[in-house]
Amino acid sequence: MKISYNWLKNYIDTDLTINELSEILTDIGLEVEGVELYEEIEGSLKGIVVGKVIKCDKIEGTDHLHLTQVDVGSETLQIVCGAPNVAKDQKVLVATPGTTLYPKGGKPFEIKKAKLRGVESNGMICAEDEIGVGTSHAGIMILDEKEEIGKNASALYDIQSDYVFEIGLTPNRSDAMSHMGVARDIYAAVSQRYPGKKASLIELNLPEFKKDSNSLPIEIIVENQNDCIRYSGLTMNNVKIGESPRWMKNYLQAIGLRPVNAVVDITQFVMLECGQPLHAFDFDKVSGGKVIVKNLPNDAKFITLDEVERKLSSEDLMICNEKQGMCIAGVFGGADSGVTMDTQKIFIESACFHPVSIRKSAKRHDLHTDASFRFERGVDAELTLYAAKRAANLIKEICGAEISSDLMDIYPVKIEKKKININLDNIHKLIGYPVTPTACESILKNLDFNILKKDSEKDWLIDAPLNKVDVTRESDVAEEILRIYGYNNISMPEKANTVFSLQNENDAHSFREYIADLLSNRGLNEIMNNSLSSTHWHEKTGVFNPETFVPMLNPLSRELNIMRPSMISGILQSLAYNINRKNSDLQFFEIGRIYEKVSSDKSKSVTKQYKEQETLAIAICGKTAPENWKDKEEKSSYYTLKSVLEFLFSRCGIDGELQFADTHSKLFAMGASYKWKDNSLAEFGMIMPNIAAQSDIDISVFYAEINLELFLKIYGKSKTEFQEIPKFPEVRRDLSILINKDTRFTDIEKVALDADKKLLKELSLFDVYTDEKLGADKKSYALSFIFRHEEKTLTDKECDKSMERISKALQSIFNADLR
């Protein structure tokens, strides 16, 4: 879940920094997984200033280019401009050299000093689409003559920015599914831990709620009172629907929502503010002026907002009018009842539905929305009236509407707050530390608990707020006190007890650790991704067979609905996350399991229907080393990855056991594989660009996937033996051969080693040369041969004989010409 810093400050007055807030949120159980900068206009127009064109001359020999001199306050820039409307004495926006522009619908680019038609240009006079403030490219932007030269464009447009916290919200924290809920938690923590810090809750004072007329009366009938706990609603007339105000659009866009129209945006805004989902219906589509909450017959057809026809279950709770269904309650709206730009009359729904009913419907139809996310976890039934009034007031203010009915409220069985008896001694035992009664009382009150009675100093009766659906026992209360008091404030005991294991070390675990050490020592970074993945992502690649997917019975979302069939999706997400943060020189590895369905026969055991395999994945992209003054920049390539694999196999002593093959899966645009006795050990190569693009990666990614279980099996068979340091010197001989282009070095190496098994110790390739003069299908290899005898110094004659045997073997098998 995403929380906007600017939005949060509407409900808590604090001087905490972004880093301090991140630390506090994580400490109180709302783990901050990341903080992102949101800019209303990407780049915030940095480096763009107001300038004045003091000279403008046409460049001879061109139809449209002008040479201008532009005063930007600190200096005068010579700029070549191709816009037809540029002229002397205009006030314009100028992108200075070094500025990065983010054009509408295009890729960012940096303004550099350049020459156009041989004329030096030191900047750019901008059109509105080139800096992201509009869509027109008819010409440059001409500003008001009053604008100050040198003024930053960000100040001219009052560009807003924000910081957004990505919070890993656990299913039990229904109280924190809104900005107001998070603000209350922060207030409680700061009040307890940092008494010197500024922190106070800001209460919203809603205007007095009253209807303006009774022109659109509405009747609400709740037939299924088990699944509909509370249903509130009202109508509004003379609604003028347009765009939302700028401040609201910024709040919504900051947390990743696309503004639709003022009414829809207000329902989203109120939900994210207080945690109560709302839904707005076009009143003209509410046939008979009745809203009926009921279940429709099994297999009834209903077209949802995404224009998909769905078959309903008789267990789906529906919001209906007199004639038909209008909405799957708490999950998704209907195609025919939603608010459009032509809507003038609306009905606003604010309800509380049973979590189990909503969870089953959302899962049944694979519809997981912001509303169902909240209803599934449980919302506060006491919020429905507040949320309806808040939305109605905003619609009156923004859309000029009037409230045209009473605020109807159907609440058959009032939900009572859970009363809990607690004993502070028990609380202290559970926490492991004696938190003072004063601190306990302060924490509970700040979290909106009520202390109903104190039978003694340590025996209290309290009630829990309705939005804390998971707080039902004394131990739950202890957890609430502990997370606000602070886990780090609990002192460590002076004595620690432990049990030593006498079992033999796990060979598989040791092997994994050994592999991880080898790769990390070579400069790769270990990552860990979720073992759940997306059906849609894998199907879109065209590589994976959907019939082999292992689906989740109760997926948390569409993005996490199968067990991963490959490590590729997670590792690409990790690469994309870093690339988006301007870090594209990456070398990652991950050890984990992949899953496959191998049989649909339900009579078989689970182990016969499904297969899991431990796998090592390696991915590299960008440059091979950080930029420095000494070494030339080198980009990662197929051979960079191949060298990592060869290093790994060599260090594990299995390189001599493997066979290299040119075959590879459709995952790769180019690649190869390693096999062991016809079993595939590893596949590697360059990922298909369209597959990388699915994760928003537009640079080359080189990827390898290794069967770690087979790797361990081969490793277990290999033996590592010590060899003495050679006592006698090596002799090197070089040879240049002309061979066919499809001949591989690995094949040459094998033939050479077979030709002289006694003296030849090493063979390497130090030059490759191709030229049309050699022949279109020919290439030249320069090879070095290292000879050594273990018991004496070699003579030239012995080396010559070895070279002669090797040369003849190469000529015979590869038809090689000696050069």
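Right, let's walk through the structure included here. (Residues numbered from 1 in each chain as written. Predicted model: local features only at pLDDT ≥ 70, side-chain atom pairs only at ≥ 80, totals over all residues. Heavy atoms only, no water.)

### Structural notes on the pairing of strand S7 (residues 91-95)
- For S7, a buried count of 5 out of 5 residues is recorded, marking the element as mostly surrounded by other parts of the structure.
- Relative to S7, strand S4 (residues 48-58) runs antiparallel, the two sharing 5 bridges. The residue of S7 that forms the bridge with Val49 is Val94.
- As judged from the 2 bridges shared by S7 and strand S13 (residues 142-143), these two strands associate in the antiparallel manner. Across the sheet, the residue bridging to Lys91 is Leu143, located in S13.
- In this sheet, strand S12 (residues 124-125) lies alongside S7 in antiparallel orientation, the contact comprising 2 bridges. Among the inter-strand pairings, Ala95 is bridged to a residue of S12, identified as Met124. (Buried < 20%, exposed > 50% of the residue type's maximum accessible area, 1.4 Å probe, protein only. Helix = DSSP H or I, 4+ residues; strand = E, 2+ residues; numbered from the N terminus. Pairing = 2+ DSSP bridges.)

### So, the sheet that holds strand S42 (residues 760-769)
- Sheet architecture is open: 4 strands sit in the order S42-S43-S41-S44, paired in antiparallel fashion. This sheet does not close on itself; its edge strands, each paired only once, are S42 and strand S44 (817-818).
- Bridge count between S42 and strand S43 (residues 778-787): 8 bridges; the pairing is antiparallel. Looking at the pairing, Val768 lines up with Tyr781 of S43.
- Strands in contact with helix H20 (residues 745-755) are strand S41 (731-740), S42 and S43; relative to S42, the strand with the most contacts, it is inclined by about 145°.
- Against the sheet, helix H21 (residues 796-814) makes contact with S41, S42, S43 and S44, and its axis sits at roughly 15° relative to S41, the strand it touches most. (Contact = heavy atoms within 4.5 Å. Axes fitted to C-alpha atoms, helices over the stretch in contact; angles between N-to-C directions.)

### Examining a nonpolar patch on the surface
- A contiguous nonpolar patch, built from Val35, Leu37 and Tyr163 and spanning about 250 Å² of accessible area, is present on the exposed surface.
- Along the chain, Val35 falls in strand S3 (residues 31-39). (Patch = residues over 30% accessible without salt bridge, like charges linked within 9 Å, V, L, I, M, F, W, Y side chains within 5 Å. Areas by Shrake-Rupley, 256 points an atom, 1.4 Å probe, with all protein chains shown as cover. Salt bridge = Lys/Arg side-chain N within 4 Å of Asp/Glu carboxyl O.)

### Some thoughts on the packing of helix H6 (residues 262-274) against helix H9 (residues 384-399)
- Running from N to C, H6 and H9 cross one another at 140°; their axes reach a closest spacing of 10 Å. Between H6 and H9, the angle falls in the class oblique. For the crossing formed where H6 meets H9, the hand is right-handed. Packed against H6, whose contacting residues are Ala262, Val263, Ile266, Phe269, Val270, Glu273 and Cys274, the element H9 presents Tyr386, Ala387, Arg390, Ala391, Leu394, Ile395, Ile398 and Cys399 at the interface.
- Taken together, the residues that form the contact of H6 with H9 break down as 13 nonpolar, no polar and 2 charged. (Parallel < 35°, antiparallel > 145°, perpendicular 65-115°, else oblique. Left-handed = near helix turned anticlockwise from the far one by under 90°. Nonpolar A, V, L, I, M, F, W, Y, C, P; charged D, E, K, R; others polar.)

### Here's the deal with the sheet that holds strand S1 (residues 2-4)
- In spatial order, the strands read S1-S14-S3; together these 3 strands make up an open sheet with antiparallel pairing. For this open sheet the edge positions go to S1 and S3, each flanked by a neighbour on one side alone. Going from strand to strand, the sheet's axes swing by 25° on average, the running direction of each strand aside.
- Sitting on the sheet, helix H2 (residues 18-27) is in contact with S3 and strand S14 (161-168), with an inclination near 150° to S3.

### Topic: the environment of Lys198
- Counting through the fold element by element, Lys198 comes out in the loop between helix H4 (179-193) and strand S15 (199-201).
- The exposure class assigned to Lys198 is partly exposed, which follows from its relative accessible area of 41%.
- Taking the C-alpha atoms as reference, Lys198 lies 7.6 Å from Leu16; in sequence the two are 182 residues apart.
- Ignoring any residue separated from it by four or fewer positions in sequence, one finds Lys198 in contact with Asp13, Thr14 and Asp15.

### Considerations on the pattern of salt bridges
- This model, assessed by the stated rule, comprises 51 salt bridges.
- Between Lys211 and Asp406 there is a salt bridge, with the nearest N and O atoms lying 3.0 Å from each other. Of this pair, Lys211 sits in the loop between S15 and strand S16 (219-222) while Asp406 sits in the loop between strand S26 (402-403) and strand S27 (408-410), and the two are 195 residues apart along the sequence.
- Given a relative accessible area of 39%, Asp406 falls into the partly exposed group.
- Where Asp754 meets Lys750, a salt bridge forms, and the shortest distance between an N and an O atom there is 3.4 Å. Within this pair, Asp754 and its partner Lys750 are both found in helix H20, separated by 4 residues, close to a single helical turn.
- Overall, Lys750 belongs to the exposed group, its relative accessible area being 55%.
- Residues joined in a network through salt bridges with shared partners are Arg173, Asp175, Asp185, Lys468, Glu480 and Arg483.

### Quick look at the side chain of Ser636
- As for its position among the elements, Ser636 is in the loop between strand S36 (610-621) and helix H17 (638-651).
- Looking at Ser636, the relative accessible area reads 8%, which means it is buried.
- When neighbours within four sequence positions are excluded, Ser636 is seen to be in contact with Ile620, Cys621, Gly622, Lys623, Thr624 and Phe702.

### Brief notes about the nonpolar core
- Met236 and Ile395 are the most contacted members of the largest nonpolar core, which has 84 residues in total.
- With near-sequence residues (within four places) excluded, Ile395 lies in contact with Met236, Val239, Val263, Ile266, Ile346, Ile348, Gly400 and Ala401.
- The next biggest cluster of nonpolar side chains, apart from the first, holds 38 residues, and it includes Val291, Val293, Ala329 and Ala351. (Core = buried A, V, L, I, M, F, W, Y, C linked by side-chain atoms within 4.5 Å.)

### Quick notes on the environment of Glu147
- Relative to the helices and strands, Glu147 resides in the loop between S13 and helix H3 (153-157).
- Its relative accessible area of 21% is what places Glu147 among the partly exposed residues.
- A sequence separation of 96 residues divides Glu147 from Gly51, and the C-alpha atoms of the two residues are 9.0 Å apart.
- If sequence neighbours within four positions are ignored, Glu147 has contacts with Val50, Lys91 and Leu156.

### Regarding unusual backbone geometry
- Of note in this structure, Asp89 is not a glycine but carries a positive phi near 75°.
- Among the residues examined, Asp89 registers a relative accessible area of 42% and is labelled partly exposed.
- Positive phi, normally seen in glycine, also occurs at Asn238, with a value near 55°.
- Judged by relative accessible area, which is 41%, Asn238 ranks as partly exposed.

### As for the environment of Val379
- If you trace the backbone, Val379 turns up in the loop between helix H8 (370-377) and H9.
- Relative accessible area serves as the criterion here: at 11%, Val379 is assigned to the buried category.
- Here Val379 is in contact with Gly275, Gln276, Pro277, Cys352 and Arg374, once residues within four sequence places are set aside.

The values reported here are purely geometric and, on their own, carry no functional implication.
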